[in-house]
Amino acid sequence: MERTHLIPENSDFNAAAPPEDDGLFERIACGLEDRGHVILPAALPEPIAAALLQYLSQQEQDRFHRARIGRGIEQTRNQFVRRDKIVWMDPAHPQADAWFNWTDRLQRYLNRRLFLGLFSFESHFAHYRPGDFYRKHLDAFRGESNRVLSLVTYLNRGWEPDQGGELVIYAPDDGAEITRVMPTFGTLVIFLSEEFPHEVLAAERDRYSVAGWFRVNGSINRQIDPPR
Ligand SMILES: O=C(O)CCC(=O)C(=O)O
Ligand SMILES: [Fe+2]
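Reading the values: rules and limits
- Residues numbered from 1 in each chain as written.
- Chains lettered and ligands numbered in written order.
- Predicted model: local features only at pLDDT ≥ 70, side-chain atom pairs only at ≥ 80, totals over all residues.
- Helix = DSSP H or I, 4+ residues; strand = E, 2+ residues; numbered from the N terminus.
- Buried ≥ 20, exposed ≤ 12 C-beta atoms within 10 Å, placed from the backbone.
- Near = placed C-beta within 6 Å.
- Nonpolar A, V, L, I, M, F, W, Y, C, P; charged D, E, K, R; others polar.
- Pairing = 2+ DSSP bridges.
- UniProt positions renumbered as here; feature names shortened; annotations may be inferred.
- Axes fitted to C-alpha atoms, helices over the stretch in contact; angles between N-to-C directions.
- Core = buried A, V, L, I, M, F, W, Y, C linked by C-beta atoms within 7 Å.

Asks: Please explain the environment of Gln-61 as it appears in this structure.
Replies: By secondary structure assignment, the location of Gln-61 is in the loop between helix H2 (46–58) and strand S2 (65–66). Assessed through the 8 C-beta atoms surrounding it within 10 Å, Gln-61 is described here as exposed.

Set out below in structure tokens:
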């Protein structure tokens, strides 16, 4: 059997550097350069979204746990700030391959294009049940974190405008509302972590997202900075 015929040319199997990503990566770079944030509806390539959905479907609900606010000993389970449940993604999981491949290529593209010096990436699934929220917050505080870029995408098919669950993004300077993003399937939201306060409004239905952070290397004494 000629196996080469099983894999069409220019298919996503060539994960090394599909040129079709460059248009998308460039749109992201331009948005970040001009405004510090970018919102692209239905932009995540379908095979990657599909792999994420499959990975998500293999996560038993009991693997989701309450997200903690803060780090180390200061971590508290703060029901007033956020109600979602999360599960960190494992880069070694077979269904995580497409996602981490893609975020890796994006990281390299943005480093080349914007000299961001991004060094690592971590991400988790989040599940918001009906009524769950995440109050206005920043993903990183200047000088206290090495999170540079926040990346969010959504895994909800058929989301309707009246179902709530929007991500509200506020301006860095005067705190005015900039935009509301519906959590529709494959929508990409990318913004500077230290700059943009944002919040997740309660929804009428279950809301699934992936949130991730690109970090710079904050290693001290030759210890590689541990993620999270
Ligand atoms: O799900 C979203 O729209 C954003 C989530 C978020 O802000 C976070 O996890 O830090
Ligand atoms: Fe956030």
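Asks: Any chance you could explain the site of ligand 1 here in plain terms?
Replies: Taken together, Ala-126, Tyr-134, Asp-139, Val-152, Leu-167, His-198, Val-200, Ser-209 and Ala-211 make up all the residues around ligand 1. Looking at the shell around ligand 1, the elements that each hand over two or more residues are strand S10 (198–200) and strand S11 (207–215). Taken together, the residues that form the shell around ligand 1 break down as 6 nonpolar, 2 polar and 1 charged.

Asks: Just to check I follow, could you spell out the sheet that holds S2 for this structure?
Replies: Strand pairing in a sheet relies on backbone hydrogen bonds. The paired strands run either parallel or antiparallel. Spatial ordering of the open sheet is given by S1-S9-S6-S11-S4-S3-S2, a layout of 7 strands whose pairing is antiparallel. Looking at which strands have only one partner, the edges of the open sheet turn out to be strand S1 (37–40) and S2.

Asks: I'm lost on the UniProt feature "domain: Fe2OG dioxygenase" (unreviewed entry) in the protein in this one. Help?
Replies: UniProt records the feature "domain: Fe2OG dioxygenase" (unreviewed entry) at residues 114–216, using the numbering of this structure. For the annotated span residues 114–216, helix accounts for 1% and strand for 46% of the residues, and the straight-line distance between the end C-alpha atoms is 13 Å.

Asks: What exactly am I supposed to notice about unusual backbone geometry here?
Replies: Glycine aside, residues mostly have negative phi angles, and peptide bonds mostly take the trans form. With a phi angle near 50°, Ala-42 is a residue other than glycine that sits in the positive phi range. Along the chain, Ala-42 turns up in the loop between S1 and H2. You can call Ala-42 exposed: it has 12 C-beta atoms within 10 Å. A positive phi angle, close to 55°, is found at Phe-115, a residue other than glycine. What makes Phe-115 exposed here is the crowd of 8 C-beta atoms within 10 Å.

Asks: Would you mind going over the pairing of strand S9 (residues 188–192) with me for this structure?
Replies: Within a regular beta strand, the side chains point alternately toward one face of the sheet and then the other, so they alternate between its two faces. For S9, the tally of buried residues reaches 4 of 5 residues, placing the bulk of the element in the interior. By the bridge criterion, 4 bridges tie S1 to S9 in an arrangement that is antiparallel. Paired with Val-38 across the strands is Ile-190, a residue of S9. Judged from the 5 bridges that link them, strand S6 (residues 147–154) and S9 form a sheet pairing that is antiparallel.

Asks: Even after reading the chapter, I still don't get the sheet that holds strand S7 (residues 167–170), so can you show me in this structure?
Replies: Ordered by their spatial adjacency, 4 strands build an open sheet running S5-S10-S7-S8, and the pairing between neighbours is antiparallel. The open sheet terminates on both sides in strands that have one partner only, identified here as strand S5 (134–137) and strand S8 (177–181). Shown here is a sheet whose adjacent strand axes are inclined to one another by a mean of 10°, direction ignored. Of the pairings in the sheet, the one linking S7 to S8 comprises 4 bridges and is antiparallel in character. What sits directly across from Val-168, in S8, is Arg-180.

Asks: Would you mind showing me how to read the nonpolar core here?
Replies: Membership of the largest hydrophobic core comes to 37 residues, with the highest contact counts inside it found for Ile-48, Leu-52, Val-189 and Ile-190. Elements represented by at least two residues in this core include exactly helix H1 (21–35), H2, helix H3 (97–114), strand S4 (120–128), S6, S9 and S11.

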